[in-house]
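# Notes for the structure review
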Amino acid sequence: MTSQAPTFYFPAPRAQKYCSLCGTQLSRRVPPEDNRVRDVCDQCGAIHYQNPRNVVGVVPVYGDRILLCRRAIEPRLGKWTLPAGFMELGETTAQGAMRETQEEAGAQIELGQLYTIIDVPQAEQVHFFYLAKVVSPALYPGPESSEAAFFRVEDIPWNELSFRTVSSTLRHYVEDARTGVFPVHHYDIPDAESN
Ligand SMILES: [Zn+2]
């Protein structure tokens, strides 16, 4: 017996094949009085709208060092990242950012101000990073991280970072840390996965 390797999806596939209400195969077309292609059910009339996903994370700072996690999962396995991940239903952006920090680094933090808001339209995502103060050097990285470690600014592994939203947020942090003034940065980048 052979089994096929599981197909890897990141994130979950967006297009639906069947109506989640009645199970009929969906058509992709522009509904009346709309201007975008949607997944439409011709049987029960449901229109399955899709909207951007939010990624929430933190810039965790401990004294003069920044906490980074090494990814133990695809995509960008082995690369260093700020703790971040997809926001869950029923939580706020702040709660999601704290949860991701706990899950990926096991770090105790005090959440600070919202720091970067990054639109990534081609990836259908918006990324939010908060500043955070790490209150204890004890780290307990979870299964999504192979390690978690503190980096001085001069030791940040710029060529080994996971996503462009992470590297650009870190670049803003390093620059703003020189003056100690941390304005909110809102910008867009076409594709989060490149550096
Ligand atoms: Zn249906």
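Residues numbered from 1 in each chain as written. Predicted model: local features only at pLDDT ≥ 70, side-chain atom pairs only at ≥ 80, totals over all residues.

The test is simple: UniProt positions are given in the numbering used here, feature names are shortened, and annotations may be inferred rather than shown by experiment.
As recorded in an unreviewed UniProt entry, the protein chain goes by NUDIX hydrolase and comes from Yanghanlia caeni. The annotation that UniProt attaches to the protein chain under Cofactor (unreviewed entry) is "Mg(2+)".

## Let's talk about the overall build of the protein chain
Test applied: Helix numbering and strand numbering both begin at the N terminus, where a helix is a DSSP run of H or I of at least 4 residues and a strand a DSSP run of E of at least 2. Buried residues are those with 20 or more other C-beta atoms within 10 Å of their own C-beta, exposed residues have 12 or fewer, and partly exposed residues lie in between; C-beta atoms are placed from the backbone. This entry defines residue contacts through backbone-placed C-beta atoms, with two residues in contact when those atoms are within 7 Å.
Summing up its helical and strand segments, the protein chain has two helices and eleven strands in all. In the protein chain, the order of α-helices and β-strands from amino to carboxyl end is β-β-β-β-β-β-β-α-β-β-β-α-β. Its C-alpha atoms put the protein chain at 60 × 50 × 30 Å along the principal axes. Across the 195 residues in the protein chain, those meeting the buried criterion constitute 28%. Considering only intrachain contacts with a sequence separation of at least 6, the fraction spanning at least 24 residues in the protein chain is 64%.

## Let's talk about the UniProt feature "domain: Nudix hydrolase" (unreviewed entry) in the protein chain
The residues that UniProt annotates with the feature "domain: Nudix hydrolase" (unreviewed entry) are residues 51–174. Counted over residues 51–174, helix gives 19% and strand 42%. Its end C-alpha atoms are 32 Å apart.

## A word on the nonpolar core
Under the convention used in this document: Structurally, a nonpolar core is described as a collection of buried Ala, Val, Leu, Ile, Met, Phe, Trp, Tyr and Cys residues joined by way of C-beta atoms within 7 Å.
Counting residues in hydrophobic clusters, the biggest one holds 31 residues, and the most contacted among them are V58, V59, L67, L82, F129, Y130 and A132. Contributions of two or more residues to this core are made by β4 (53–62), β5 (65–71), α1 (93–105), β8 (109–120), β9 (125–134) and α2 (164–179). If you tally residues by element for this core, the top one is β9, at six residues. The residues touching A132, leaving out its near neighbours within four places in the chain, are V58, V59, P60, V61, T101, I109, E110, L111 and G112.

## Some thoughts on the pairing of β9
Side-chain positions along a regular strand alternate between the two faces of the sheet. So the rule is basically this: For two strands to be treated as a pair, DSSP must find no fewer than two bridges joining them.
Across the ten residues that make up β9, a large majority, seven, are buried. Where β4 meets β9, nine bridges bridge the pair, whose relative direction is parallel. Across the sheet, residue R53 finds its bridge partner in β9, namely Q125. With antiparallel pairing between neighbouring strands as the criterion, β8 and β9 make up a hairpin whose turn holds four residues, including E124 at a positive phi of roughly 60 degrees.

## Overview of unusual backbone geometry
Negative phi characterises most residues that are not glycine, and trans characterises most peptide bonds. Of note, the amide linkage connecting E74 to P75 takes the cis form, showing an omega dihedral of -10 degrees. With respect to the secondary-structure elements, P75 resides in the loop between β5 and β6 (80–81). Backbone geometry places R76, a non-glycine residue, at a positive phi of 65 degrees. Along the chain, R76 turns up in the loop between β5 and β6. Phi angles above zero are rare outside glycine, and E124 is one such case at about 60 degrees. Inspection of the secondary structure puts E124 in the loop between β8 and β9.

## Regarding α1
Put simply, the rule is: One less than the residue count of a helix, multiplied by 1.5 Å, gives the span that helix is expected to have.
Relative to the 18 Å expected for 13 residues at 1.5 Å per residue, α1 spans 18 Å between its end C-alpha atoms, a close match to the ideal helical length. Considered for burial, the residues of α1 that qualify are G96, A97, M98, E100, T101, E104 and A105. On the buried face of α1, the contacting elements are β4, β5, β7 (84–86), β8, β9 and β10 (145–152).

## A word on the environment of L21
Inspection of the secondary structure assignment puts L21 in the segment before β1 (27–29). For L21, a count of 12 C-beta atoms within 10 Å puts it in the exposed group. In this structure the C-alpha to C-alpha distance between L21 and C41, which are 20 residues apart in sequence, comes to 9.1 Å. Residue contacts for L21: discarding those within four places in its chain leaves C41, C44 and A46.

## Here we look at α2
The terminal C-alpha atoms of α2, which comprises 16 residues, lie 23 Å apart, in line with the 22 Å expected from a rise of 1.5 Å per residue. When α2 is considered as a whole, its buried residues turn out to be T165, V166, S167, S168, T169, L170 and Y173.

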